[in-house]
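If you want the building blocks of each chain, they are given just below.
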Amino acid sequence: MAPATIICIGMAGSGKTTFMQRLNSHLHTKKTPPYVINLDPAVLKVPFGANIDIRDSVKYKKVMEEYNLGPNGAIVTSLNLFSTKIDQVIKLVEKRADSFENVIIDTPGQIECFIWSASGAIITEAFASTFPTVIAYIVDTPRNSSPTTFISNMLYACSILYKTKLPMIIVFNKTDVQSADFAKDWMTDFESFQQALSSDQDLNGEDGTSSGYMSSLVNSMSLMLEEFYSQLDVVGVSAYTGNGFDDFMNAVDNKVDEYNEFYKAERERILKKKEDDEKRRQTKSLNNLMKDLDLKDGNKDSEVLSDYESEDDKDVQGELLRDEDEPEREYTFPEDRNSELDPVTDSDLQSRYQEAFDATAKTASSKTAEAIAQYIRRQ
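- An unreviewed UniProt entry lists the protein under the name GPN-loop GTPase, from [Candida] anglica.
- What UniProt records for the protein under Subunit (unreviewed entry) is the sentence "Binds to RNA polymerase II."
- Reading the Sequence similarities (unreviewed entry) entry of the UniProt record for the protein gives the comment "Belongs to the GPN-loop GTPase family."

Pasting the structure below:
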């Protein structure tokens, strides 16, 4: 069975790397050590042992110096360089697939450098097309106690879900500082969120007067996100104490089943459609090229037969149409044809051939003699 791949994504400061360390420790405790991959090229130290580390392949500081880039540009370029070898990474994971039940991947804290870059899409697609893949979106719970901040974070999570088209788990981290119960209530009970919104001093001011526009906007977004919430699994964990990681792994199992049932079929359909579109494009381009070279009209055998032509076209195109009344030709051996000749007819034919030959020879001889005589007289 293919191992489940968990891609950890989160805002800077959300405790994502600490979450990775605690998850790695938790799985080791369960006697199911994961296969760990670090994709953050700018980190100085990681609190876990990585089987594959991007820093072994790409030197972040040298990329900054060589290409004259800033921190974010160097991260994107490092990921671009690493993504060119993603096929080798997939092969390495596949070789060890029988030894691991989970693959966990840490990504850069600059979330946009991974999610919205071409390299991030390539890496995500490579894993998602090979293994059951789940997105773990890490949220800093204390920072999202405000309804407006909470809605902003959920909108970002929604954009990631529709960008990756993969099952997602919302992980409210740092529950040792503040419980995530309020966030779960806001995601399941609209009235609870409305009440929190009306008492938010940052939005309404200390006197309780609402700005109108912001309140209406947040209300509209919360209503829109109800459908988004229904597609998510939500868990609260503490990367510091280790609480909630059993619930997280149960959510991963649920999302793996969801991936196999829905997402895998959808991804295969999308890939098949892309492959068919590419075949059609290549066939059309080749037919146009042959038409430009006058090959298509001059030589019917040189036409390109597309796999996507109609069945009637396939039956007719390239065939030599015969007259229905024309008899079918049959091959006969020479001795068979000789045995069909009549001996009497052969003798008659031979006598006629001989008479014709003699007459022709006499005529040719007389004409030749007369020509010689005329030549002598002129001399």
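1. Thoughts on the packing of aromatic side chains
We describe a pair of aromatic rings using the distance from one ring centre to the other and the angle between the two ring planes.
At step 1: Counted by the stated rule, this structure contains 10 aromatic pairs.
At step 2: Both rings, one in Tyr-35 and one in Phe-100, keep their centres 5.3 Å apart while their planes meet at 75°; by these two values the pair is edge-to-face. With a gap of 65 residues between them, Tyr-35 in strand 2 (residues 35-38) and Phe-100 in the loop between helix 4 (86-95) and strand 4 (102-106) connect regions that are remote in the sequence.
At step 3: Residue classification places Tyr-35 among the buried residues on the basis of a relative accessible area of 6%.
At step 4: Since its relative accessible area comes to 12%, Phe-100 is described here as buried.
At step 5: Ring centres of Phe-182 and Trp-186 lie 5.0 Å apart, and the angle between their planes is 80°; on these two criteria the pair is classed as edge-to-face.

2. Points about the pairing of strand 6 (residues 168-173)
Looking down a regular strand, the side chains alternate between one sheet face and the other.
At step 1: Most of strand 6 is tucked away: six of the six residues are buried.
At step 2: Both faces of strand 6 are covered, namely the face carrying Met-168, Ile-170 and Phe-172 and the face carrying Ile-169, Val-171 and Asn-173.
At step 3: Direction of pairing for strand 5 (residues 133-140) relative to strand 6: parallel, over a ladder of six bridges. Paired with Ile-135 across the two strands is Met-168, which belongs to strand 6.
At step 4: Note on the crossover from strand 5 through helix 7 (residues 147-164) to strand 6: the handedness is right-handed.

3. Details of a negative patch on the surface
At step 1: On the surface, a cluster of negative charge is contributed by Glu-101, Asp-253, Asp-257 and Glu-261.
At step 2: Mapped onto the secondary structure, Glu-101 falls in the loop between helix 4 and strand 4.

4. Focus on the nonpolar core
At step 1: By size, the foremost hydrophobic cluster in this structure holds 60 residues, and its most contacted members are Ile-37, Phe-127 and Met-168.
At step 2: The biggest single contributor to this core is helix 7, with seven residues.
At step 3: Apart from the residues within four sequence positions on either side, Ile-37 is in contact with Met-20, Ile-52, Val-89, Val-93, Val-103, Ile-104, Ile-105, Asp-106 and Phe-127.
At step 4: Counting residues in hydrophobic clusters, the runner-up holds 26 residues, among them Ala-136, Ile-138, Ala-239 and Ala-251.

5. Re unusual backbone geometry
At step 1: Backbone geometry at Lys-31 places phi at a positive 65°, although glycine is not the residue there.
At step 2: Structurally, Lys-31 can be placed in the loop between helix 1 (16-29) and strand 2.
At step 3: The phi dihedral of Asn-68 is positive, around 55°, even though this residue is not glycine.
At step 4: On the secondary structure map, Asn-68 appears in the loop between helix 2 (60-67) and helix 3 (71-83).

6. Some details on helix 3
At step 1: Between its first and last C-alpha atoms helix 3 spans 18 Å; for 13 residues at 1.5 Å apiece the expected length is 18 Å, and the two agree.
At step 2: Where helix 3 is concerned, the buried positions are Ala-74, Ile-75, Thr-77, Ser-78, Leu-79, Phe-82 and Ser-83.
At step 3: On its buried face, helix 3 sits against strand 3 (52-53), helix 2, helix 4, helix 5 (111-115) and helix 6 (118-128).

7. Details of the sheet that holds strand 5
At step 1: Read across the open sheet, the seven strands follow the order 3-2-4-1-5-6-7; overall the sheet is parallel. The sheet terminates laterally at strand 3 and strand 7 (233-236), the two strands that pair on one side only.
At step 2: As paired strands, strand 2 and strand 3 are joined by two bridges and run parallel to one another. Looking at the pairing, Asn-38 lines up with Asp-53 of strand 3.
At step 3: The strands touched by helix 8 (residues 181-188) are strand 6 and strand 7; relative to strand 7, the strand with the most contacts, the crossing angle is about 165°.

Rules used in this analysis
Once a new chain begins, its residue numbering starts again from 1 and follows that chain's sequence as written. Only residues with pLDDT of at least 70 get local features here, since the model is predicted, and only at 80 or more are side-chain atom pairs given and counted; chain-wide, interface and lining totals rely on the full set of residues. As a rule here, side-chain values cover all heavy atoms of the structure and leave hydrogens and water aside. UniProt positions are given in the numbering used here, feature names are shortened, and annotations may be inferred rather than shown by experiment. Stacked, tilted and edge-to-face are the three classes assigned to paired rings of Phe, Tyr and Trp, where Trp is represented by its six-membered ring and a pair needs centres within 6.5 Å; plane angles under 30 degrees give stacked, over 60 edge-to-face, the rest tilted. A run of H or I in DSSP counts as a helix once it spans at least four residues, and a run of E counts as a strand once it spans at least two, with each numbered from the N terminus. Summary of the burial criterion: residues with accessible area below 20% of their type's maximum are buried, those above 50% are exposed, and those between are partly exposed, where the area comes from a 1.4 Å probe applied to protein chains only. Here, any two strands with at least 2 DSSP bridges between them count as paired. For a crossover, the right-handed case is the one in which the path from the first strand over the helix to the second runs clockwise, viewed with the strands pointing away from the viewer. The residues that make up patches have over 30% relative accessible area and no salt bridge, and they are joined within 9 Å when like-charged or within 5 Å when they are Val, Leu, Ile, Met, Phe, Trp or Tyr. Accessible surface is estimated by sampling points in the Shrake-Rupley manner with a 1.4 Å probe; for residues, cover comes only from the protein chains shown. Throughout this description, the term salt bridge denotes a Lys or Arg side-chain nitrogen within 4 Å of a carboxyl oxygen of Asp or Glu. We count Lys and Arg on the positive side and Asp and Glu on the negative side, and we leave His and both chain ends out. To locate a charge, take NZ of a lysine, CZ of an arginine, CG of an aspartate or CD of a glutamate. Among buried residues, the Ala, Val, Leu, Ile, Met, Phe, Trp, Tyr and Cys ones that are joined through side-chain atoms within 4.5 Å form a nonpolar core. Should any heavy atoms of two residues lie within 4.5 Å, those residues are considered in contact. Helix span, as expected, comes to 1.5 Å for every residue beyond the first. Every axis corresponds to a line fitted to the C-alpha atoms, with the helix fit spanning only the stretch in contact, and the corresponding angles, defined between N-to-C directions, vary from 0 to 180 degrees.

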